[in-house]
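# Structural overview
One letter stands for each residue in the lines below.
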Amino acid sequence: MAADPAPPTARTPADSPGVTPPGPAAPAAPSTTAPTSAPAPAPISPAVPALGTPPTTSPSRDSVHDDPSGGILDTVPTTGWGRTAPTAARIVRPRSYAEAAAVVRACGTPGHRGNIARGLGRAYGDAAQNAGGRVLDMTALDRIHAIDASGGTVLCDAGVSLHRLMEVLLPLGWFVPVTPGTRYVTVGGAIGADIHGKNHHVSGSFSRHVLALELLTADGEVRIVERDSALFNATAGGMGLTGIILTATLQLLPVETSFMSVDTERAVDLDDLMARLTETDHLYPYSVAWIDLLARGAAMGRSVLTRGDHAPLDAVPARARRAPLTFRPRQLPAAPGFVPEGLLGRRTIGLFNELWYRKAPMSRVGEIQRLSSFFHPLDGVPHWNRIYGRSGLVQYQFVVGYGQEEALRRIVQRISERRCPSFLAVLKRFGDADPGWLSFPMPGWTLALDIPANLPGLGVFLDELDEEVAAADGRIYLAKDSRLRPELLSAMYPHLDAFRSLRAQLDPRGVFRSDLSRRLGL
């Protein structure tokens, strides 16, 4: 059992940078002064467009009433991106830091179900759901306060999306340090889930690049959270259970263009793939393998390995050099609102996987791709999660350490023999573990796959895989989980006791709760 960490020093909202005191007055513009634990960014360039504006419209008045704190409440069912297990919650849309603080302070009556912050809803499971309680939609607090265009730092609200940061920062020659498979996540969500990307083996997770943050805690006060502190380590990957992140200062990555130089190759089976990754992954900052989990026998684990780096100016086509940092992601029509159940069955996915593998080059070097095509191909299809039908999907992601390759083979074989229809399955290598107590990455192999939620016997099958992962000293990714049994959690996350101890000190009344926290006893 870890020793109880000392509680962090608190500051009231009125005394904290960028936070206005609660009250009925119109919200003031937040300060552009950086938190004290990071260098103050220079004022933003006048050439940058308006960076976040207050909401100008209210939600539908159906089932809506004004909250005493000044926000808007709307009682609606919510789900994660997987669209499974909806639960009803009262959605609060704070229009200022003061309104968010007032909501938190009001959460002290007997029988209350607590609060949880929510961004753009890309967590697959129940991390941003709160049955019978309140969910704070933080997306209206989306201002970029300051950019240091020479040192590469940005101070922004936690409600700013990575998409918006890319729109603003790429023309200045900077890119976000870590991005997952979608850019439609907020900075607060990126820290709360401690997201990772294709570059974890060299750059770590998102929190490794956070210089400082401001956190609204259960007592209604705002804390300046410094790196390497107990509260920082509990918040990074803490799934929003230590409080509401208000602002963050990020260290950025310099780039010359908005293009990627990409190498692609096929791997004939799982062993071939792991050998290629082990031998040459250190040569690339970004690396990911699409894996065919329906392939069996000698072809089990056949894959398409894609690796790349940011393209220098002299590598892009001449026509692109006139505006090399332009960021215009292509977008297709949205997925339809109704898709027949069973569309993504074994036969359909098997055909897709066969075509996808065969169309990939045996080996191709130096292909120039747009950033959006390399990092976020699915963002080009709005609401792509609808293609799984009303039953939704389960994304299952685990990691097992280096030296546990046999466990990985057994799990892949079981998925292949079970004929789980998944066309979104990727294998990556993780680098050093990150400081967050509940951060998912650890040195090893991580496999993520999407599975139709209505697949018969899926729950029992995934429970069995959980046991395999736990026996191999691995873990399940909480940001994508919706069904892990709580008794396995402590074996997967060795700092769980420290996290619970700090939570008990910081939030004795249970002001911050979620369906995830209740299910797993966090």
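So, here is what we can say about the structure in this document. Residue positions within a chain follow its written sequence, with the count starting from 1. The predicted origin of the model limits local features to residues at a pLDDT of at least 70 and limits the giving and counting of side-chain atom pairs to 80 or more, whereas totals for whole chains, interfaces and linings rest on all residues. Hydrogens and waters are ignored; side-chain quantities use all the structure's heavy atoms.

## Details of the sheet that holds strand 9 (residues 210-216)
Each strand in a sheet pairs with another by means of backbone hydrogen bonds, the pair being arranged parallel or else antiparallel. Put simply, the rule is: Paired strands are those between which DSSP finds at least two bridges. Numbering goes from the N terminus for both helices and strands, where a helix is a DSSP run of H or I of at least four residues and a strand is a run of E of at least two. Axes, fitted as lines to C-alpha atoms, cover a helix only where it is in contact. Angles between the N-to-C directions of the axes lie from 0 to 180 degrees. Throughout, a residue-residue contact means that at least one pair of heavy atoms, one from each residue, lies within 4.5 Å.
Pairing is antiparallel across the open sheet formed by 5 strands, whose spatial order is 6-7-11-9-10. Looking along the sheet, the strands with just one partner apiece sit at the ends: strand 6 (144-148) and strand 10 (222-226). Pairs of neighbouring strands in the sheet enclose a mean axial angle of 10°, with direction left out of account. For strand 9 and strand 11 (residues 244-251), the ladder comprises 6 bridges, and the chain directions are antiparallel. Note that in strand 11 the partner of Glu 214 across the bridge is Thr 247. Against the sheet, helix 2 (residues 162-169) touches strand 6, strand 7 (153-157) and strand 11, its axis set at about 45° to strand 6.

## Thoughts on the packing of aromatic side chains
The criterion, for reference: Planes of paired rings set the category: under 30 degrees apart is stacked, over 60 is edge-to-face and the rest tilted, where pairs are Phe, Tyr or Trp rings (Trp by its six-membered ring) whose centres lie within 6.5 Å. Three labels apply to residues, based on accessible area from a 1.4 Å probe with only protein chains included: buried if under 20% of the type maximum, exposed if over 50%, partly exposed otherwise in between. For a ring to carry a charge above it, either NZ of a lysine or CZ of an arginine must fall within 6 Å of the ring centroid while also lying within 35 degrees of the normal to the ring plane.
If you walk through the whole model with that rule in mind, you get 12 aromatic pairs. Between the aromatic rings of Phe 374 and Phe 375, the centroid separation amounts to 5.0 Å while the plane-to-plane angle is 90°, which identifies the pairing as edge-to-face. No difference in accessibility class separates Phe 374 from Phe 375, as the two residues are buried. Among the aromatic residues, ring-to-ring pairing joins Phe 175, Tyr 286, Phe 374 and Phe 375 into one connected group. The aromatic ring of Phe 374 is capped on one face by Lys 198, whose charged end is 5.6 Å from the ring centroid. Directly above the aromatic system of Trp 445 lies the positively charged group of Arg 429, at a separation of 5.7 Å from the ring centroid.

## A closer look at the packing of helix 6 (residues 270-280) against helix 9 (residues 405-418)
Angle between the axes and distance between the axes: these two values describe a pair of packed helices. The cut-off we apply is this: Each angle is binned into one of four classes, with values under 35 degrees roughly parallel, values over 145 roughly antiparallel, values of 65 to 115 roughly perpendicular, and all other values oblique. Crossing handedness is defined as follows: a turn of the near helix away from the far one that is anticlockwise and smaller than a right angle gives a left-handed crossing, while the clockwise case is right-handed. Under the scheme applied, nonpolar residues are Ala, Val, Leu, Ile, Met, Phe, Trp, Tyr, Cys and Pro; charged residues are Asp, Glu, Lys and Arg; polar residues are all the others, including Gly.
Running from N to C, helix 6 and helix 9 cross one another at 140°; their axes reach a closest spacing of 11 Å. Comparing the axis directions of helix 6 and helix 9 gives the class oblique. Helix 6 and helix 9 meet at a crossing whose hand is right-handed. Taking contact as the criterion, the partners of Leu 270, Asp 271 and Met 274 in helix 6 are, on helix 9, Glu 405, Leu 408, Arg 409 and Val 412. A class-by-class count of the residues in the contact of helix 6 with helix 9 yields 4 nonpolar, no polar and 3 charged.

## Quick word on the environment of Val 412
Following the sequence through the fold, Val 412 ends up in helix 9. As for Val 412 and Leu 465, which are separated by 53 residues in sequence, their C-alpha atoms are 10.0 Å apart. Those residues in contact with Val 412 that lie beyond four places of it in its chain are Leu 270, Leu 293, Met 300 and Leu 447.

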